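Spelled out, the chains give:
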Amino acid sequence: MNLFRAVLFSFLFITSFNLYSHNPEDFVIAEIERGQMNFENEQIAAEYGAALKRQRARRLAAMPFYKKFYIFVKAGFQHIIPEGIDHILFVLGLFFSCITFRSLLWQVTAFTVAHSITLVLAAQGLVQLSGDIVEAIIALSIVWVAVENCLYKEPSKWRYMIVFAFGLLHGLGFAALLTQYGLPKDNFISMLLAFNLGVEFGQLAVLVIAFVLIKMIMKKNWYSNEIKIPASLIIAGIGLFWFIERVF
Amino acid sequence: MSKNLIFTSQLKTYKMRKLLFISALLIIVSCQQQSEMDPNINPFFQEWNTPHEVPPFLDIKDEHYMPAYEKGMEENLSEIDVIVNNPEEPTFSNTIEELERTGKLLSKVGRVFSNLASSNTNPQLQELQRELSPMLSAHYDKISLNEGLFNRVESLWQDRENLGLTSEQLKLLEDTRKQFVRSGALMSEEQKKQISEINSKISGLSTSFGQNLLAETNGFELILNKSDLEGLSDGVVAAALDAASQKMDKAESEEEKEKYKNKYVFTPHRSSMYPFLTESTRRDLREKLYISYVMRGDNGNETDNKEIAAEIAKLRAERAKIMGYKTHAHFVLEENMLKTPEEVYDLLVKLWEPAVKRAKVEVADMQAVANAEGQNFEIAAWDWWHYSEKVRKEKYDLDESAIKPYLSLDNVLQGVFNTTNKLWGLNFTELFDIDLYHPDARVWQVTDKDGSHLGIFIGDYFTRSNKRGGAWMSSFKGQSNLDGRERPIVVNVCNFPAPVGDNPALLSFDNVVTLFHEFGHAMHGTLTNVTYGSMAGTSGPRDFIELPSQLLEHWASEPEVLKSFATHYETGESIPDDLIDKLLNASKFNQGFINTEYLAASLLDMDWHTISAEEDLKDANKFESESMRKVGLIDEIAPRYRSTYFAHIFSGGYSSGYYSYVHAAVLDSDAFEAFKEAGDVFDPNLSSKLRSTIYSKGSTEEAMDLFVQFRGRKAEIGPLLKVRGLDGAE
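Keep in mind the model is a prediction, meaning the values are calculated, not measured. (Residues numbered from 1 in each chain as written. Chains lettered and ligands numbered in written order. Predicted model: local features only at pLDDT ≥ 70, side-chain atom pairs only at ≥ 80, totals over all residues. Heavy atoms only, no water.)

Chemist: Just checking my understanding: could you explain the sheet that holds strand 5 (residues 453-462) of chain B for this structure?
Modeler: Strand pairing in a sheet takes place through backbone hydrogen bonds and is either antiparallel or parallel in direction. Residues and elements named next belong to chain B. Pairing within the open sheet is mixed, and its 5 strands lie in the order 3-4-5-7-6. Only two strands of the sheet have a single neighbouring strand rather than two, namely strand 3 (427-431) and strand 6 (472-477). Neighbour-to-neighbour, the strand axes of the sheet open up by a mean angle of 30°, direction not taken into account. As paired strands, strand 3 and strand 4 (residues 441-447) are joined by 5 bridges and run antiparallel to one another. Bridge assignment links F428 to a residue of strand 4, and that residue is V446. The sheet strands contacting helix 5 (residues 104-119) are strand 5, strand 6 and strand 7 (489-496), and the helix crosses strand 6 at an angle near 145°. (Pairing = 2+ DSSP bridges. Helix = DSSP H or I, 4+ residues; strand = E, 2+ residues; numbered from the N terminus. Axes fitted to C-alpha atoms, helices over the stretch in contact; angles between N-to-C directions. Contact = heavy atoms within 4.5 Å.)

Chemist: In this structure, what is going on with the nonpolar core? I would like to understand it.
Modeler: One broad rule of soluble globular proteins: the nonpolar side chains tend to lie buried together. Residues and elements named next belong to chain B. Core analysis: the biggest nonpolar cluster contains 166 residues, and L407, L515, F516, W555 and W608 have the highest contact counts within it. A per-element tally of this core places helix 16 (residues 341-372) first, with 12 residues. Residues lining this core come from more than one domain, with at least three contributed by each of domain 3 (220-294) and domain 4 (402-548). Contact partners of F516, with chain neighbours within four places excluded, come to V412, G415, V416, T419, S549, L552, E553, W555, A556 and F565. By size, the runner-up hydrophobic cluster in this structure holds 54 residues, among which are Y65, F113, L125 and M535. (Core = buried A, V, L, I, M, F, W, Y, C linked by side-chain atoms within 4.5 Å. Buried < 20%, exposed > 50% of the residue type's maximum accessible area, 1.4 Å probe, protein only. Domains from an automatic or database assignment.)

Chemist: When you look at the domain arrangement of chain B in this model, what are you seeing that I'm missing?
Modeler: A common way to report how large an interface is uses the accessible area buried once the components associate. Along its sequence, chain B is organised into domain 1 (2-57), domain 2 (62-186), domain 3 (220-294) and domain 4 (402-548). Inter-centroid distance (C-alpha atoms) of domain 2 of chain B to domain 3 of chain B is 48 Å.

Chemist: Sorry, what's going on with the packing of aromatic side chains here?
Modeler: All names here are of chain B. Using the criterion set out here, one finds 44 aromatic pairs over all chains in the structure. Relative to F476, the ring of F57 has its centre 5.2 Å away and its plane inclined at 75°; by these criteria the two rings are edge-to-face. You can see F57 sitting in the loop between helix 2 (14-30) and helix 3 (65-84) and its partner F476 sitting in strand 6, a full 419 residues away along the chain. There is no split in this pair, since F57 and F476 are both buried. For the ring pair W608 and F623, a centre distance of 4.0 Å and an interplane angle of 25° mean the geometry is stacked. Here the residue W608 occupies a position in helix 24 (residues 591-608), and F623 occupies one in helix 25 (residues 620-631), the gap between them amounting to 15 residues. Of the two residues, W608 and F623, both sit in the buried class. Put simply, the rings of Y274, Y290, W382, W384, W385 and F593 pair up and form one aromatic cluster. Note that K71 overlies the ring of F45, its terminal NZ or CZ placed 4.4 Å from the centroid. (Phe/Tyr/Trp six-rings, centres within 6.5 Å; stacked < 30°, edge-to-face > 60°. Lys NZ or Arg CZ within 6 Å of the ring centre and 35° of its normal.)

Chemist: Where do I start with the environment of B:E98 in this structure?
Modeler: Residues and elements named next belong to chain B. Following the sequence through the fold, E98 ends up in helix 4 (residues 92-100). In this structure, the C-alpha to C-alpha distance between E98 and D510, residues 412 residues apart in sequence, is 45 Å. Non-local contacts of E98, meaning those with residues more than four positions away in its chain, are made with I83 and S93.

Chemist: Could you clarify how one ought to interpret unusual backbone geometry in this entry?
Modeler: Phi is mostly negative for residues that are not glycine, and the peptide bonds are mostly trans. Residue and element names in this part refer to chain B. Non-glycine residue H52 carries a positive phi angle of around 55°. Mapped onto the secondary structure, H52 falls in the loop between helix 2 and helix 3. Classification of H52 by relative accessible area gives partly exposed; the value is 32%. Of note, the phi angle at S656 is positive, near 45°, even though the residue is not glycine. Structurally, S656 can be placed in the loop between helix 26 (647-650) and helix 27 (660-678).

Given below as structure tokens:
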């Protein structure tokens with residue numbers, strides 16, 4: 001009986017002069033007043049995406065600071081492991097180029113400082129570059145570093161400059177994704193910092209894992225020919241594949 | 001699962017990964033609640049252990065509905081069988097209360113489906129809806145025509161004095177019995193057969209009426225060249241161009257495509273017609289489009305509705321006669337707040353005169369504008385939108401863009417929450433860990449002044465392409481105290497423009513009024529506190545249920561309240577007084593027209609449904625013009641719906657019910673007047689009386705009694721005339 005009455009009565013009502021109820025038989029009225037519904041999947045998806053972003057912003061705004069901070073650190077970390085395979089390859093490329101921990105530290109620092117700069121600038125909307133170009137050059141940067149590993153024994157002096165320049169680009173890549181994700185307005189800088197921190201942890205993790213695995217054999221004389229060069233070649237190959245894919 | 005996704009993403013294109021990255025982030029923030037549902041079992045067949053029993057939307061897929069409906073109907077029927085075959089003598093508890101407990105599964109799936117088929121629909125759901133509609137009506141027929149069940153109800157009814165029932169129980173028994181009687185339970189077999197024949201004829205004719213109307217509305221198009229667009233704004237032109245290109249996409253032949261190439265299309269759909277009639281300076285084209293609109297179903301072709309309308313009205317009259325009613329209107333109104341056609345006519349006629357008087361003033365105002373322009377014609381019906389717009393600009397001008405910054409959605413929500421807080425002590429806490437059917441839908445817990453849980457409120461405010469137009473209130477769960485305290489889940493769905501980028505959503509004042517209106521329905525559905533679910537919330541008669549919603553609108557335009565929430569989203573300043581004045585003044589614009597066209601349609605509806613079965617009805621046009629001549633409708637205005645396109649009454653369920661909106665308006669204006677008289681729009685005594693009568697009783701008492709309990713007398717029309725500027729006070 002519940003529904004028997006519900007069907008008769010529960011149909012819903014709308015603003016004063018805009019009469020149409022939810023009774024299926026009344027849909028004809030709606031269709032006449034407003035025209036047929038037009039389902040365009042692309043538009044529905046775009047609307048959904050925008051709505052998700054709004055929902056996220058609301059949820060974030062309602063969270064305590066520490067929770068938000070943690071979420072952004074985690075997001076930054078996940079952007080390297082496991083999702084940032086191209087960033088992992090770039091960092092590995094740097095790793096294979098170095099025999100001394102010292103030179104690796106300098107390169108990674110240059111890379112980090114550079115991508116932090118552009119990440120902040122781009123997230124603030126001060127720098128903008130088409131995503132397609134950025135992504136293509138990021139792929140190229142991987143090829144470059146890996147090829148260089150094969151040609152030189154020791155990283156050259158100006159290599160730091162190149163790494164720094166590539167770092168600037170990688171920062172733009174992070175920023176593009178971060179902007180789509182949406183930073184909360186009231187904690188903009190701290191959440192940006194949190195995200196960057198996550199990225200650094202991710203990078204560090206890659207290097208530590210690589211270091212632990214390769215440490216024992218690094219000083220062997222076959223290391224360069226048997227490990228470093230083949231690994232670099234593979235990295236270069238993947239980078240090249242991406243470059244072609246992203247350009248064409 | 002997610003590992004797999006991420007793994008394969010590495011092999012795929014970068015864009016794919018980008019999407020995944022974002023969705024991974026989303027998952028971190030969004031999915032704080034883990035689904036406990038078994039994915040292999042239809043969610044409608046499982047317990048919902050979700051917070052507050054909000055439906056597990058993410059687990060419900062399109063293919064779950066039909067099996068759940070089928071099983072729900074089957075279960076429902078066997079539950080009814082158990083009641084009917086109970087060897088014990090019928091008692092209130094083993095019959096009426098047991099009936100209340102039936103159909104739980106059907107209700108579970110039905111509420112989710114009917115909501116989502118409108119608020120988040122797709123072609124599959126729409127198809128399903130068409131499929132389900134006849135299945136459900138056949139199902140409910142089986143229950144309402146179940147003789148064994150009626151016999152139990154009837155024997156209780158005969159013995160009602162001796163059952164020791166509470167007034168609520170007595171009303172439930174009465175209402176239940178009435179449903180059966182109105183479905184024909186007391187008829188002889190011969191009469192039942194006649195009625196069912198008439199019903200199926202009416203149903204066939206209603207369908208044809210709707211189909212014809214659709215064909216007629218879609219059948220006319222005004223195809224214009226660039227040179228015909230004089231006066232039209234960019235947005236309107238763009239929409240017309242878009243309409244032409246859509247027609248081109250759908251065209252089947254090259255020749256047809258050519259017809260729309262570089263053209264602009266307007267149609268008799270209101271959304272297309274109104275902007276054209278308002279803006280176009282081409283009087284000849286305005287006339288053409290307008291005439292196409294008012295002639296729908298009246299073109300003497302194969303989709304003509306004249307005979308169909310007359311035939312439907314006649315069949316309804318015959319049916320009423322068989323059932324022992326004087327006319328169809330008597331049959332319908334029996335269930336309403338105004339009980340007889342006389343009462344309805346009395347109300348409509350009282351309002352008619354001031355409305356037409358005001359409309360004549362409006363015509364004169366427009367004529368003055370036209371004359372000043374040096375035009376050499378008398379204002380006609382197709383000039384109304386164009387010239388009333390000019391009058392509006394002159395006398396009622398309101399810069400929407402100056403007001404919107406004060407009306408951000410969040411501020412307005414705060415405003416409506418505060419209003420109910422001041423009236424009834426309610427508090428709203430937004431919940432962020434519940435996933436709904438769409439990320440734009442938001443959810444709040446509503447608590448009472450003592451902190452107890454009252455209900456769940458869902459607000460889904462932004463327009464999107466998979467949502468039906470308009471605004472409405474509905475529920476995902478009803479209220480009942482029969483087997484423990486069950487509190488409702490109600491939802492408001494609107495079509496406000498979504499914000500652009502990171503800006504807040506800014507509403508127009510119309511939107512604000514709509515939000516308060518729907519929120520009024522939501523409060524009716526939330527404050528309800530009755531024993532039996534079928535009598536809860538918005539279950540009352542049609543001319544009553546608009547009262548709780550329209551009443552709340554009055555607080556939105558109360559300067560004291562408006563000032564408290566309308567603060568600029570950037571500067572935080574309160575809305576200035578002169579803007580409020582302009583805003584309130586603008587609400588009186590064009591009221592002569594709006595009320596006249598509406599009342600004309602209401603009167604037409606009543607006329608069609610107070611004919612006797614013997615009346616000789618051939619020509620719907622003659623009937624209509626006689627009906628309008630009788631009351632004195634002016635030439636410059638047509639009824640809001642002419643007979644041949646009055647789908648509400650000939651295709652939908654509004655027959656002799658179209659008046660109900662204005663009846664509710666009389667009630668709400670008069671009810672709010674009580675607060676004005678008290679000198680405090682939050683007067684504590686009135687507020688609590690309002691809650692204990694109008695908002696919490698559902699249909700457990702006669703609606704008119706509830707109103708009188710609140711107001712101390714029946715409603716008067718004076719306050720409404722004042723609100724709408726029809727009191728001649730200008």
